[in-house]
Amino acid sequence: MPKDATGSGAADFAAELYALGRQFDIAGRPIEVASVTAGHIHDTYLVTYADSGRRSRYIHQRINQHVFRDPPRLMENIERVVRHLCAKLQSEQYPDISRRVLNLVHTRDGRPYLRDEEGAYWRTWLYIEGVRSYAIVHSPALARRAARAFGHFVRLLADFPGPRLHETIADFHNTPRRYERLRQAIDADACSRVTTAQKEIDFAGERMALAHTFVELQAQGALRQRIAHNDTKITNVLFDTVSDEALCVIDLDTVMPGLLLHDFGDLVRTAGSASSEDERELERVYVRLPVFEALAHGYLAETAPLFNEQELNLLPFAGKLVSLETGVRFLTDYLEGDTYFRTAHKQHNLERARNQFALVRSIEKQEPALQAIIARLCQ
Ligand code: GN1
Ligand code: MG
């Protein structure tokens, strides 16, 4: 299967993708394909199907096996999660459930994924029409709705029945492990990039002690593990284009046991920031207090009973820790030669690391104010 939907092989690619698409339970014939480049991990294509004059769109996705080593287990998780969410939304009598939860399309022989002749795993989603996402949150009201949607998502999963979901990526939010990996990348210096990244390496090194905070508190039993989304970046919630309601949480690959603090922290990192992850003008990269307040307000509206007092006090710190961890991951990938995150140019991961570290700095400067917001909200 060619790897690209653009350039000279585009026609061949479309033909092969269409052949693959026909093996899924979709009515009609494929007529158009577009590449979707929003995520950093999988290869994603939007395909339009025509069925006697009626058009419908589907997402075909090639699962990144370098990142997700065991796609069948990943898909087993996703099927269970989606089924649970649907049942809960039905019991809460929501309208339009097919726009509020991702619809996984099975193959014609009833499986949740397909394996192509090269061993790649493909899955298919029904595309939700009339939605959009935001890379930058432009108002506290939007932030509140987004955070509430992520909060609602984990509230619905709070009574998820056993057996335990598989860990789709080991040690995903284990910050000390992320630091170990950075150390190895520095020592190996496989791409001779350490010199150009020295300032960022120093920045991360000065904050290494923070990395242990959640791991240690968790070991002491102070933080409660729950089913978390684990990748709550703001682009992972879809808004209705007309009402701007936060309708559907997407990207279910890392839904597994974890900490809600990481989910909230990732929201602060992405929705709290005044700029996108790719912003290079670092004076534009900072956390906005009114947006932070809206995030906490929206998130806690759904999840307050799931937090203990110590966890609530750690909400500002969570934003700092997840920004630091994400910066460390970008930096590591830069040093290792950009093998994990999709990049557009050579410096991309280094720039992203700088952006994340600017956020860390901004949170450090505002920590008392952020703490005061949480104290006020929890009164
Ligand atoms: C990746 O899949 P995507 O693009 O939503 C990554 C997240 C990072 C994020 C940074 C499985 O998210 O952990 O926070 O990039 N996902 C995985 O933008 O590693
Ligand atoms: Mg993801």
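We now turn to the structure provided with this report.

About the cut-offs
Residues numbered from 1 in each chain as written. Chains lettered and ligands numbered in written order. Predicted model: local features only at pLDDT ≥ 70, side-chain atom pairs only at ≥ 80, totals over all residues. Heavy atoms only, no water. Donors = N, O, S within 2.8 Å, 3.2 Å for Na, K, Ca; no water. Helix = DSSP H or I, 4+ residues; strand = E, 2+ residues; numbered from the N terminus. Buried < 20%, exposed > 50% of the residue type's maximum accessible area, 1.4 Å probe, protein only. Pairing = 2+ DSSP bridges. Contact = heavy atoms within 4.5 Å. Axes fitted to C-alpha atoms, helices over the stretch in contact; angles between N-to-C directions. Salt bridge = Lys/Arg side-chain N within 4 Å of Asp/Glu carboxyl O. Phe/Tyr/Trp six-rings, centres within 6.5 Å; stacked < 30°, edge-to-face > 60°. Lys NZ or Arg CZ within 6 Å of the ring centre and 35° of its normal.

Here we come to the coordination of the magnesium ion (ligand 2). Protein-derived coordination of the magnesium ion (ligand 2) comes from Asp231 (OD) and Asp251 (OD), at a distance range of 1.9 to 2.2 Å. Here Asp251 lies in the loop between β10 (246–249) and β11 (256–258) and Asp231 lies in the loop between β8 (226–228) and β9 (237–240), a separation of 20 residues in the sequence. Classification of Asp231 by relative accessible area gives buried; the value is 19%.

Here we take up the sheet that holds β9. Judged by pairing direction, the sheet is antiparallel, and its three strands sit side by side in the order β7-β9-β10 without closing on themselves. Each end of this open sheet is capped by a strand with a single partner; those strands are β7 (131–132) and β10. Where β9 meets β10, three bridges bridge the pair, whose relative direction is antiparallel. In the sheet register, Leu238 faces β10, and the bridge partner there is Cys248. Strand contacts of helix α4 (residues 140–156): β9 and β10, with the helix running at about 40° to β10, the strand carrying the most contacts.

Turning our attention to the pattern of salt bridges. All told, the structure shown has 29 salt bridges when counted by the stated rule. Across the salt bridge formed by Arg100 and Glu245, the nearest N and O atoms sit 3.0 Å from each other. Of this pair, Arg100 sits in helix α3 (residues 97–100) while Glu245 sits in the loop between β9 and β10, and the two are 145 residues apart along the sequence. Salt-bridge contacts for Glu279 lead to Arg284; the nearest nitrogen and oxygen are separated by 3.6 Å. By relative accessible area, Glu279 is classed as buried at 16%. Accessibility expressed as a relative area gives 47% for Arg284, which makes it partly exposed. Overlapping salt bridges, with partners in common, bring together Glu92, Arg148, Arg155 and Glu302 in one network.

On to the packing of aromatic side chains, then. Scanning all chains against the criterion turns up 12 aromatic pairs. Centroid distance Tyr49 to Tyr58: 5.4 Å. Interplanar angle 85°. Geometry classified as edge-to-face. Considered together, Tyr49 and Tyr58 belong to a single accessibility category, that of buried residues. Here Tyr134 and Phe239 contribute two aromatic rings whose centre-to-centre distance is 5.0 Å and whose plane-to-plane angle is 80°, an arrangement assigned as edge-to-face. Note that Tyr134 is positioned in the loop between β7 and α4 and Phe239 in strand β9, a separation of 105 residues in sequence. Judged by relative accessible area, which is 7%, Tyr134 ranks as buried. Over the ring of Tyr134 we find Arg132, and its NZ or CZ is 3.7 Å from the ring centre.

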